[in-house]
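Each chain, written out:
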Amino acid sequence: MLLQTLVTCLAGCAFLLSTFSEGCGPGRGYGKRRPPRKLAPLVYKQFSPNVAEKTLGASGRYEGKITRNSERFKELTPNYNPDIIFKDEENTGADRMMTQRCKDKLNSLAISVMNLWPGVRLRVTEGWDEDGHHSEESLHYEGRAVDITTSDRDRNKYAMLARLAVEAGFDWVYYESKAHIHCSVKSDHSVAAKSGGCFPSEALVTLEDGGQKPISDLRPGERVLSSAGSDGSGELVYSEVLTFLDRDPVTWKLFYVLQTEAGPLLSLTAAHLLFVSDRNCSEGAASAPGSLRTLYASEARPGQCVLVSGGASGQQRGEGRLSRITEVKVRSRRGAFAPLTHEGTLVVDGVVTSCYAVVKHHSMAHWAFSPLRLIHRWTGSTGGPSDGIHWYSQLLHWLGRMLLDSGCFHPLGVAQDDR
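Attention here is on the structure that accompanies the text. Each chain carries its own residue numbering, running from 1 in the direction its sequence is written. Given that the model is predicted, a residue must reach a pLDDT of at least 70 before its local features are reported, and side-chain atom pairs must reach 80 or more before they are shown or counted; all residues, however, enter totals for whole chains, interfaces and linings. Side-chain calculation: all heavy atoms of the structure are included, whereas hydrogens and water are not.

Each axis is a line fitted through C-alpha atoms, and for a helix only the stretch in contact is used; angles between axes span 0 to 180 degrees, taken between their N-to-C directions. Only DSSP runs of H or I reaching four residues or more are called helices, and only runs of E reaching two or more are called strands; each is numbered from the N terminus. Contact pair helix H2 (residues 100-116) / helix H3 (residues 158-168): the axes reach a minimum separation of 9 Å and the direction vectors enclose 135°. The orientation of H2 relative to H3 falls into the category oblique. In this structure, H2 meets H3 at a crossing whose hand is right-handed. Residue-level contacts link Lys105, Ser108, Leu109, Ser112, Val113 and Leu116 of H2 to Met160, Leu161, Leu164, Ala165 and Ala168 of H3. Residues are grouped as follows: Ala, Val, Leu, Ile, Met, Phe, Trp, Tyr, Cys and Pro are nonpolar; Asp, Glu, Lys and Arg are charged; every other residue, Gly included, is polar. Residues of the contact of H2 with H3, tallied by class, amount to eight nonpolar, two polar and one charged. If an angle is under 35 degrees, it is roughly parallel; if it is over 145, roughly antiparallel; if it lies from 65 to 115, roughly perpendicular; otherwise it is oblique. Here a crossing is taken to be left-handed if its near helix is turned anticlockwise relative to the far helix by less than a right angle, and right-handed if that turn runs clockwise. Should any heavy atoms of two residues lie within 4.5 Å, those residues are considered in contact.

Dropping the structure here:
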């Protein structure tokens, strides 16, 4: 029966793959060069994408002002591209300072401008702001935003200039003024965090003997504290670690750090799934049936409740108890580890979490990994590498990108086209 089920699952995957591969071979018009796509200029006051600038779907949250004396000043790099004119009103070189991502997109745009309008160059009127001339929490203070025109200051070109900026890969472009176009990018931290959902190397898990160990030392086959409930609210049980969906001991990544009223402090990447309660959120109470939902770590807010395991070290069995989130911070940590348990849940640093990420629905993700659990049950292994992203995760990502709308994924949890 097990073999029949496994073969059926794999045959289904093969059918999907063969169906989509039929469109890859020669067909009508094969070998002909596709005509160039016509670019539509932005209209005045239009922004692309059509969301607020400091949301995850665009350039992301403000991370704090950078000054010349701050530790983060090293994140900025000067741009000496001779094909770009920098206004530099302050005569300090500040407009040339920007993040590496902003620099890359700006240099790409400079080439597009010269190709479309020979003899015309890109002009930057505002870049990094160290003098407080912009609104509070402006991305100019982080070197992530620029205001641009063309060197001939022909305002009839600005609508198309905005479109070129979108095509160059800026994460948010706004035809803000008749006098300039505003462009901004995601932080280099958030771009580095696109590996999906993980925990840092120092995160602690609880073993069956009651002891704890760093998640970086965890190995497949060990049993760790998890939740038996599909929404995290079930009995706390010990579940076998099947494999690691991602394992990277050396890379530095950006983690959301959630402080709870009960004490546990959880760190996880933006796209990782978390079980929370928005109602009946009484400190120390058991969660009511149906009161929990899953959301991305980047959506967690103070006042929401998460499930924590009992006891100071998270060793008590039974069900998790609600504890209110009191603070959410963003910090850089080393390592990225994403273990997969048989239950699909995991207690990390005393907080009940999902093993899954990128797609918002825990139940959907758990169902999608059913064939991998069957493979492990049948063979005793999942065939994953010691480090890196598991092959099955890559397969699901590939299928998901083909079958699902991009809105089903976390904006920072999947690699996006660099354009």
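Moving on: the sheet that holds strand S6 (residues 145-150). Paired strands, in this sense, are two strands between which DSSP finds at least two bridges. Pairing within the open sheet is mixed, and its six strands lie in the order S1-S7-S8-S6-S5-S3. Either end of the sheet is taken by a strand with one partner, and the two such strands are strand S1 (47-48) and strand S3 (84-86). Running over the sheet, H2 touches S3, strand S5 (122-126) and S6 and is turned about 140° from S5.

Residues belong to a common nonpolar core when they are buried Ala, Val, Leu, Ile, Met, Phe, Trp, Tyr or Cys residues joined through side-chain atoms within 4.5 Å. Any residue under 20% of the maximum accessible area for its type is buried, any over 50% is exposed, and the rest in between are partly exposed; the area is computed with a 1.4 Å probe on protein chains only. Membership of the largest hydrophobic core comes to 41 residues, with the highest contact counts inside it found for Phe199, Ile215, Leu218, Leu274, Leu340, Leu346 and Tyr356. When contributions to this core are tallied by element, the ones reaching two or more residues are strand S12 (235-260), strand S13 (265-268), strand S14 (272-277), strand S15 (292-296), strand S16 (305-308), strand S18 (321-341), strand S19 (345-348) and strand S20 (351-357). Residues Ile148, Ile181, Cys183 and Val185 belong to the second largest nonpolar core, which totals 30 residues.

Aromatic ring pairs: the centre-centre distance and the angle between the two ring planes describe each pair. Two rings belonging to Phe, Tyr or Trp (six-membered ring only in the last case) form a pair when the distance between their centres is within 6.5 Å. Interplanar angles under 30 degrees mark stacking, angles over 60 mark edge-to-face geometry, and anything in between is tilted. Summed over all chains, the structure comprises nine aromatic pairs. When the centroid spacing of 5.4 Å and the interplanar angle of 45° are considered together, the rings of Trp172 and Tyr174 count as tilted. Each member of the pair, Trp172 as well as Tyr174, carries the same accessibility label: buried. Here the aromatic rings of Tyr356 and Phe369 are separated by 5.3 Å at their centres, their planes lie at 20°, and the arrangement is stacked. With Tyr356 in strand S20 and Phe369 in the loop between helix H5 (362-368) and helix H6 (370-379), this pair connects stretches of sequence that are 13 residues apart.

Let us look at empty space enclosed by the protein. Two kinds of site are reported from a 1 Å grid over the protein atoms alone, namely cavities, where a 1.4 Å probe fits but cannot get out, and pockets, open sets with protein on both sides within 12 Å along at least five of seven lines, and residues are called lining when an atom falls within 4 Å of a point. Grid points are joined across faces, edges and corners, and a volume is the space filled by probe spheres set on the points. Under the criterion given, the structure shown has two cavities of 30 Å³ or more. Roughly 50 Å³ of volume is contained in the second largest cavity. Every residue lining the second largest cavity is listed: Glu90, Ala94, Asp95, Glu126, Trp128, Asp129, Glu130, Asp131 and His133. Residue composition of the lining of the second largest cavity, grouped by class: two nonpolar, one polar and six charged.

Once that is clear, we can look at the environment of Ser393. Note that Ser393 resides in helix H7 (residues 391-403). Linking Ser393 and Leu245, residues 148 residues apart in sequence, is a C-alpha distance of 6.4 Å.

Okay, unusual backbone geometry next. Here the residue pair Ser48 and Pro49 is connected by a cis peptide bond, since its omega of 0° sits within 30 degrees of zero. Tracing the sequence through the fold places Pro49 in the loop between S1 and strand S2 (77-78). The phi dihedral of Lys45 falls on the positive side, at around 75°, and the residue is not glycine. Relative to the assigned elements, Lys45 resides in the loop between helix H1 (2-21) and S1. Phi at Asp349 takes a positive value of approximately 50°, unusual for a residue other than glycine. When you line up the elements, Asp349 lands in the loop between S19 and S20.

With respect to the secondary-structure elements, Gly143 resides in the loop between S5 and S6. For the pair formed by Gly143 and Asp95, sequence separation is 48 residues and the distance between their alpha carbons is 8.6 Å. Contact partners of Gly143, with chain neighbours within four places excluded, come to Leu76, Met97, Met98, Thr99, Cys102 and Trp128.

Attention now moves to the pairing of S18. The pairing of S12 with S18 spans 15 bridges and is classified as antiparallel. In the strand pairing of S18, Tyr256 is matched with Val330. One ladder, built from four bridges, connects S16 with S18; its direction is antiparallel. Considered in S18, the bridge of Val308 is made with Arg321.

So, on to H6. All buried positions along H6 are accounted for by Pro371, Leu372, Arg373, Leu374, Ile375 and His376. Positive backbone phi, at 80°, marks Gly380, one or two positions downstream of H6.

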